Amino acid sequence: MMKMTGKAFAKKLFGAKYERLSRNLFMDVMVFWGLYIAGFQVQIASFVRVLMISAFTAGVMWQALSSKDNTVELTAMLMLPFHRREFVFSYVGVLGAYTLLTKTGLLFAVLLAVSAWKPVELVGMILCMIHAVLMTAAVYSVRKYWYVGGFWAVAIVSAILFMTIEDSRSVDSIGFGNGLLAGLLLLVNGLFAVLILWRADGYVFYQKESKKSHAVRQRKRATLWRYFFRYLNCHKNYLLNTAVMWCVALVLPYFIREMAGLSVIPVGFAILSLNTPICILLSCDPDLELAVRFLPGQKRRFCIPYCLFIFLCNMAADVIFLCSWQIQNGSVTVHMIAGAVFFALQSAVLSVLLEWFYPIRGWKIESDLWHHPRKYMVPVVMLLLAGAVFSCPVLLPVLLSALAVEILILLFIFFF
């Protein structure tokens, strides 16, 4: 029973012949080998690597567990007779394998290629990845009592950070200070997570269909803006990601102010353009894409409001960034404000063009959209523009002139 259940979910996530698994593993090997032979090295503390890979694994695992695309398969499986424990561990095992092999594997390959590591640290990172999968699944199974899961997660992270700060100079075992104690903590906590899953039922992973819908109701003044806001309201994790970007905008001036003065501010604008959920509206909703492309005149009626929506989201983060910069460093100028408008608008335009001409298709669950390589294309272009402004500040007036022309064109298309 456990083998059949796991095989059913695995074929859904990895493909009928597991072709996605082999493709991802091949890409991980190529990325590792390419970076390794290039000789590119970055000094990364061992505990930073472990915390980075644990947090990333936990985030992807939570997205996989909360994905609504698994609802159909779960509904069909739960209608059949099943053994409670076998179903839970087969489901968690397949999602954990999907998380580690297709998502965390790429980060793992990059970290191994660009930083020095010992074999014992390699074992420690693998242990942390498995622990992150088990603990995330256990916390998700008790999400009804969210305060318990939240307290548990905060306690474990605080304990790890405490051991790191307590003995940060003596790096041994799995990469933490007091490595043996940290490894024992992860092992005991992992066994505790297994115990929670042992007592869990398959229905704890099932999500009921929400009565809310982000579709625009038939009203006299129904607009796309109502759709956008209902869309965010029905996807709380998208709002959470936006809130995280705002927190990044708040603390980013502290980290980049020492780099090169005011010229580095465009780099902050480029980093804040990495807000994936609001840039995959057509990719994550095939029905909307079909309706938009089928009806006449929708290219202008949909793309312009969508561009303005992304622009406003980007500008919100940029405004927080500039306010934080003013509080910490002062000297916010008109050119900086104009630069924020330019980068926010350029990011919005490029994101909409990608969604219209190159939507993501063939994805299995929502996590594939969030971590698709396409998400980095717009931020990379913005970083290149920021690098151009950083190295040659005289280009800033040229970019601002291009911004003025672009705004006039958009206004003309929108109103005429």
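Coordinates for the structure precede this section.
Given the structure is predicted, the values throughout are model-derived calculations rather than measurements. (Residues numbered from 1 in each chain as written. Predicted model: local features only at pLDDT ≥ 70, side-chain atom pairs only at ≥ 80, totals over all residues. Heavy atoms only, no water.)

Asker: Where do I start with the overall build of the chain in this structure?
Answerer: For the chain, the helix and strand inventory stands at 18 helices and zero strands. Among the 416 residues that make up the chain, the fraction classed as buried is 44%. Once local pairs closer than 6 in sequence are excluded, the contacts in the chain between residues at least 24 apart make up 81%. Accessible surface for the chain amounts to roughly 22,400 Å². Of this, 72% is attributable to carbon and sulfur atoms. (Helix = DSSP H or I, 4+ residues; strand = E, 2+ residues; numbered from the N terminus. Buried < 20%, exposed > 50% of the residue type's maximum accessible area, 1.4 Å probe, protein only. Contact = heavy atoms within 4.5 Å. Areas by Shrake-Rupley, 256 points an atom, 1.4 Å probe, with all protein chains shown as cover.)

Asker: Explanation requested: the packing of aromatic side chains in the structure shown.
Answerer: Pairs of aromatic rings are described using the distance from one ring centre to the other and the angle between the two planes. One pass over the full model with this rule turns up eight aromatic pairs. When the ring of Phe89 is compared with that of Trp198, the centres are 6.1 Å apart and the planes differ by 55 degrees; the resulting orientation is tilted. With Phe89 in helix α5 (residues 84-114) and Trp198 in helix α8 (residues 179-198), the pair connects residues that are 109 residues apart, well separated along the chain. Where Phe269 meets Phe343, the ring centres are 6.0 Å apart and the plane angle is 45 degrees; that geometry is what we call tilted. (Phe/Tyr/Trp six-rings, centres within 6.5 Å; stacked < 30°, edge-to-face > 60°.)

Asker: Just to check I follow, could you spell out the packing of helix α2 (residues 19-38) against α5 for this structure?
Answerer: Contact pair α2 / α5: the axes reach a minimum separation of 8 Å and the direction vectors enclose 10 degrees. Taken together, α2 and α5 sit at an angle that is classed as roughly parallel. Between α2, through Arg20, Leu21, Asn24, Leu25, Asp28, Val31, Phe32, Leu35 and Tyr36, and α5, the contact on the second element is made entirely by Tyr98, Leu101, Thr102, Gly105, Leu106, Ala109, Val110, Leu112, Ala113 and Val114. (Axes fitted to C-alpha atoms, helices over the stretch in contact; angles between N-to-C directions. Parallel < 35°, antiparallel > 145°, perpendicular 65-115°, else oblique.)

Asker: What should I look at first to understand the nonpolar core in this one?
Answerer: In this structure, Leu65, Trp152, Leu197 and Phe205 are the most contacted members of the largest nonpolar core, which totals 41 residues. Sorting elements by how many residues they give to this core places α5 first, with eleven residues. Among the nonpolar cores identified, the runner-up in size contains 31 residues, and Ile278, Leu281, Val349 and Leu369 belong to it. (Core = buried A, V, L, I, M, F, W, Y, C linked by side-chain atoms within 4.5 Å.)

Asker: Help me understand the side chain of Asp318, please; the structure alone is not making it clear to me.
Answerer: Summarising the element assignment, Asp318 is placed in helix α14 (residues 298-328). Taking the relative accessible area as the measure of exposure, Asp318 reaches 2% and is therefore buried. In this structure, Asp318 is in contact with Phe269, Leu272, Ala340 and Ala344, ignoring residues within four places of it in sequence.

Asker: Help me understand the environment of Ala270 in this model?
Answerer: The residue Ala270 is located in helix α11 (residues 265-271) in this model. Excluding residues that lie within four positions of it along the chain, Ala270 makes contacts with Pro379, Met382, Leu383 and Ala386.

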